[in-house]
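Here is how the chains run, residue by residue.
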Amino acid sequence: MEGLEKYLGEIPAWCPGCGNFAILRAFKEALAAEGIEPYRLCIVSGIGQAGKFPHYVRCNTFNGLHGRALPVATGIKVANHEMLVAAVGGDGDMYGEGGNHLLHAIRRNIGVKLFVHDNQIYGLTKGQASPTSMEGMVTKNQPLGVLSGQLNPMAMAVALDCGFVARGYAGDHEHLKALIRSAFNHKGFSIVDILQPCVSLNKVNTYEWYGKRVYHIGDDHDPSDRMKAFARALEWGDRIPIGVIYRNDRPSFESRLPMIAARPLVDGVGKWQELKEKLAGSLNEFR
Amino acid sequence: MDYSLKIGGEAGQGIQTVGDALAKVLCRFGYHVFTNQDYESRIRGGHNFYQIRLSDRPIRAPRRPLDILLAFDRESIPAHQAEVREEGIIAYDSSLLKESFAGPQFLDIPFVKLATDTGASRIVANTVATGAILGMLGFSLDPLFDILTVLLKRKDARTREQNRLAAVAGHEYAVKNCGRCSFSPASTGVPKMLVGGSEAVGFGALAAGCMFYSAYPMTPSTGIMTYLGARAKEYGIVVEQAEDEIAAINMALGASFAGVRSMTGTSGGGFALMVEGLSLAAMTETPIVIALAQRPGPATGLPTKTEQGDLFFALYAGHGEFPRVIFAPGNPEQAIRLTAKAFDISQKYQIPVLVMTDQYLADTQWTLDNVALDNLPMKDYRTDAAEIDGLDTYARHAFTASGVSPFGIPGKTKHVVVTDSDEHNEAGHIIEDKALRSKMVEKRLFLKLENIRKEIAAPVFLGSAAPETVIISWGSTYGVVREAVESMGDEKIAMLHFSEIYPLPGLQSFDYVEVLKKARRTICVESNATGQFARLLKAETGYTVTDRVLRYDGRPFLVEELLEELRGRA
């Protein structure tokens, strides 16, 4: 696809064949299709293989701490809500270390677009179980098999009344690209959980494994019906639905802040004269 | 003139309302007022007190004995009777305490009956008591009426009238029945401002152009969020209660990266959660101001009491090596000035700056004549977007002679702004190269530190110019130490107070180490168990104090007790 040169970033340090390459390409194509200039986009990430993502896209970048991308993204979105702010991370980063922030980002409905590279395994630390690893999966660090239940991020997001809940698959390029574009255009918080085979470390959830199971959610599904969405979100096993599971139009956090109705917060910085007049009033309150 | 009064009662009885109203009235008369509070970690019950001291000359600490004790609960009597001077008055309502007390000090005033006689509810007994105290002291009620109008602006006309009548009833009763009330107030002066420690930090942040504050409530830091939150709409700032302190600091860093001056505030336990974020601020060179309002630890400690136990924690918090600045104001005037300076330094050098207070300072109120807004550093250090647009490439972490890189704002320039918690190159991308790593450490740490040191002001030095005894203090003990030193009336004594504590002030403008070396006795006064400031002083200057006065029971120093200690050692 043409017009991707402007998003050219650093050379990826991912393993050959990694599902992340497909996500990267779909993401850039979605940006080009939406006409988003690199300087109008900010990607926030944490730590993990997915955490390196913003370096591979030319864009404003805050690659912060493990699990903490969402609070940073929240601060950026509040400071300048005119920017497209995305958070990118893996299943360990977003569902493990940063789980609490995810709950509250959904509650706030901050207009941040979250893309989770969900490979059901830890990559950077080499093969430990993640919150989405299937129960019983044996790893070097879980020799008894994973004892904890598998987190279902889609069901959790629907339960929390998240504004936009979707699942994509790195092996289904056009479908993923369309999902990313829909997430960009959603006003509130969006979560896109992207199934992404880890070719080096996850020998269970492979391209072949996913290929046999994923199916497109059809037009018969009404994503505004929360109960049906919840039922769809619970599907996991022989058949795994991909597509938009749930959406609603709850007003975004930033749209409810009167302070930024007229101008982005960042545009109010450094207005010293305006400030001094208000300060004089506040001093009077001490009298 | 120098009077002290104490209001004691259970949580929820409204002693703070009475105290605040009285303190404000006394400020309007133009007196110097000092208030402090002691409360327990509970919503209802327990025993709390609010102490007010007033004088016609500057005052900086609570004193004993008390002239008036206003007892709203039974516990106030055994807890504070001994603090009341012999000719003093203990005002109480026998119907409220369910007991009558004999003795010339006691004055039974039917606060509740006088309140309900106006048709009002029992809570208006507070207003009766406020009027009564003003009557005892020989003051008029006029300023109280003004203050009640503001306090009750959301209430109906009937409630306002009942409160007015209640104040008059209390005032009249006290004037008529207080036989031993022989106060002779000095003539009134120019009305003053009454500013609390938490409010001062909040006001300092506003004055510095803070536009984003995210925090998780934690005593005794919550007052800052409350102050800013109440003014969010007026100032167009966003105050967000985060899900935890980790989120609080990371949100503030996000907003700061995006060009908005940001702050967070917490106490020790919450700061422990913020520590990784502190290190992130340093690595990404993102400015941030952190208010650290100390309380006694370890762990939950004494949630509503005071201590200066977190100096070393603040000093060494965060993995890796990076520059930081720590301020510890000694009074609200310093809290305003130093919070504003914290923002200025943080923006100028793109580093984290901490403002350390404690429960004592947070909950004391001092009078100020005014705050000179023109002396505050209102300067924008962000690089103009047009200037960055003119560059072929922009690098957020570009090497410069000062170590400070041009501060580009994402979304405002056509270039992209990139930063990373990993070690990075000038452009902000991940590197592992050893030469580049060393150069980045030198940029972030050594180059900046050299200039940062020049920003730090000398300590306050008061008293003898060539003292034999020097009392050293830092942060919130300023007022108590100053009152103690002045009370000693010793010509050979001086005090040295540090409010800009890290890096320690240089010796070029004032060689305080030389002063200490020449003194016979140097006593460091601190509210902690291990003398942390004395140890910092030794680590940074090589000077060892000769003596220390340490208090770690969670209570503030009292002038009288400190005097005793100092007289024993000086």
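By convention here, each chain's residues receive numbers from 1 onward along its written sequence. Lettering of chains starts at A and numbering of ligands starts at 1, both following the order in which they are written. This being a predicted model, a pLDDT of at least 70 is required before a residue's local features are given, and a value of 80 or more before pairs of side-chain atoms are given or counted; all residues contribute to the totals for chains, interfaces and linings.

### Overview of the domain arrangement of chain B
Throughout the structure description, domain borders are defined by an automatic or database domain assignment. Under the domain assignment, chain B is made up of domain 1 (2-177), domain 2 (195-375), domain 3 (385-455) and domain 4 (460-569). Each of domain 3 of chain B and domain 4 of chain B has a C-alpha centre, and these two points are 40 Å apart.

### Describing the sheet that holds strand 1 (residues 2-11) of chain B
All names here are of chain B. Strands sit in the order 6-5-4-1-3-2-14-7 across an open sheet of eight strands; the sheet is mixed. Taken across any chain shown, the strands that pair with only one partner, and hence form the sheet edges, are strand 6 (106-108) and strand 7 (193-196). Strand-to-strand, the axes of this sheet are offset by a mean angle of 20°, without reference to chain direction. For strand 5 (residues 84-92) and strand 6, the ladder comprises three bridges, and the chain directions are parallel. Across the sheet, residue Tyr92 finds its bridge partner in strand 6, namely Asp108. Between any two strands, at least two bridges found by DSSP are needed for them to pair. Counting from the N terminus, the helices are the DSSP runs of H or I reaching at least four residues and the strands are the DSSP runs of E reaching at least two. In this description, a line fitted to the C-alpha atoms serves as the axis of each element, helices being fitted only across the stretch in contact, and the angle between N-to-C directions of two axes falls anywhere from 0 to 180 degrees.

### So, the pairing of strand 2 (residues 60-63) of chain A
Neither face of strand 2 of chain A is open: one carries A:Asn60 and A:Phe62, the other A:Thr61 and A:Asn63, and all of them are buried. As paired strands, strand 2 of chain A and strand 15 (residues 418-420) of chain B are joined by three bridges and run parallel to one another. Across the sheet, A:Asn63 pairs through a bridge with B:Asp420, a residue of strand 15 of chain B. The burial label depends on the number of other C-beta atoms within 10 Å of a residue's C-beta. Counts of 20 or more mean buried, 12 or fewer mean exposed, and intermediate counts mean partly exposed, with C-beta atoms placed from the backbone.

### Regarding the sheet that holds strand 13 (residues 352-358) of chain B
Residues and elements named next belong to chain B. Across the sheet, which stays open at both edges, the seven strands sit in the order 9-8-10-11-13-12-19 with mixed pairing between neighbours. Two strands lie at the open edges of the sheet, namely strand 9 (238-241) and strand 19 (500-502), each paired on one side alone. Taking the axes of each pair of neighbouring strands and ignoring which way they run, one obtains an average angle of 20° across the sheet. Relative to strand 11 (residues 288-294), strand 10 (residues 262-266) is paired through four bridges, and the arrangement is parallel.

### Let's talk about the interface of chain B and chain A
In this assembly, 56 residues from chain B lie in contact with 47 residues from chain A. Sorting the residues of the side of chain B that touches chain A by element identifies strand 7, helix 8 (197-207), helix 10 (232-235), helix 11 (245-257), helix 12 (268-284) and strand 15 of chain B as the ones contributing at least two each. Note on contacts: residues are paired as contacts if their backbone-placed C-beta atoms lie within 7 Å.

### Some words on the nonpolar core
Working definition: the nonpolar core is a set of buried Ala, Val, Leu, Ile, Met, Phe, Trp, Tyr and Cys residues, joined through C-beta atoms within 7 Å. By size, the foremost hydrophobic cluster in this structure holds 246 residues, and its most contacted members are A:Ile76 and B:Phe212. Residue contributions to this core peak at nine residues, all from helix 11 of chain B. Ignoring any residue separated from it by four or fewer positions in sequence, one finds A:Ile76 in contact with A:Cys42, A:Val44, A:Phe62, A:Val85, B:Gly254, B:Ala255, B:Phe257 and B:Ala258.

### Focus: the pairing of strand 11 of chain B
All names here are of chain B. Here strand 11 lies mainly inside the structure; seven of its seven residues are buried. The side-chain alternation of strand 11 yields two buried faces, one formed by Ile288, Ile290, Leu292 and Gln294 and the other by Val289, Ala291 and Ala293. A right-handed crossover is one whose linking path, passing over the helix from the first strand to the second, runs clockwise when the strands point away from the viewer. Handedness of the β-α-β unit built from strand 10, helix 12 and strand 11 comes out right-handed. The pairing of strand 11 with strand 13 spans seven bridges and is parallel. Across the sheet, residue Val289 finds its bridge partner in strand 13, namely Val353.

### Here's the deal with unusual backbone geometry
A cis amide bond links B:Gly297 with the next residue in sequence, B:Pro298, at an omega value of -5°. Relative to the helices and strands, B:Pro298 is located in the loop between strand 11 and helix 13 (311-316). Positive phi, close to 60°, is recorded for A:Asn109, a residue that is not glycine. Counting through the fold element by element, A:Asn109 comes out in the loop between helix 4 (99-108) and strand 4 (113-118).

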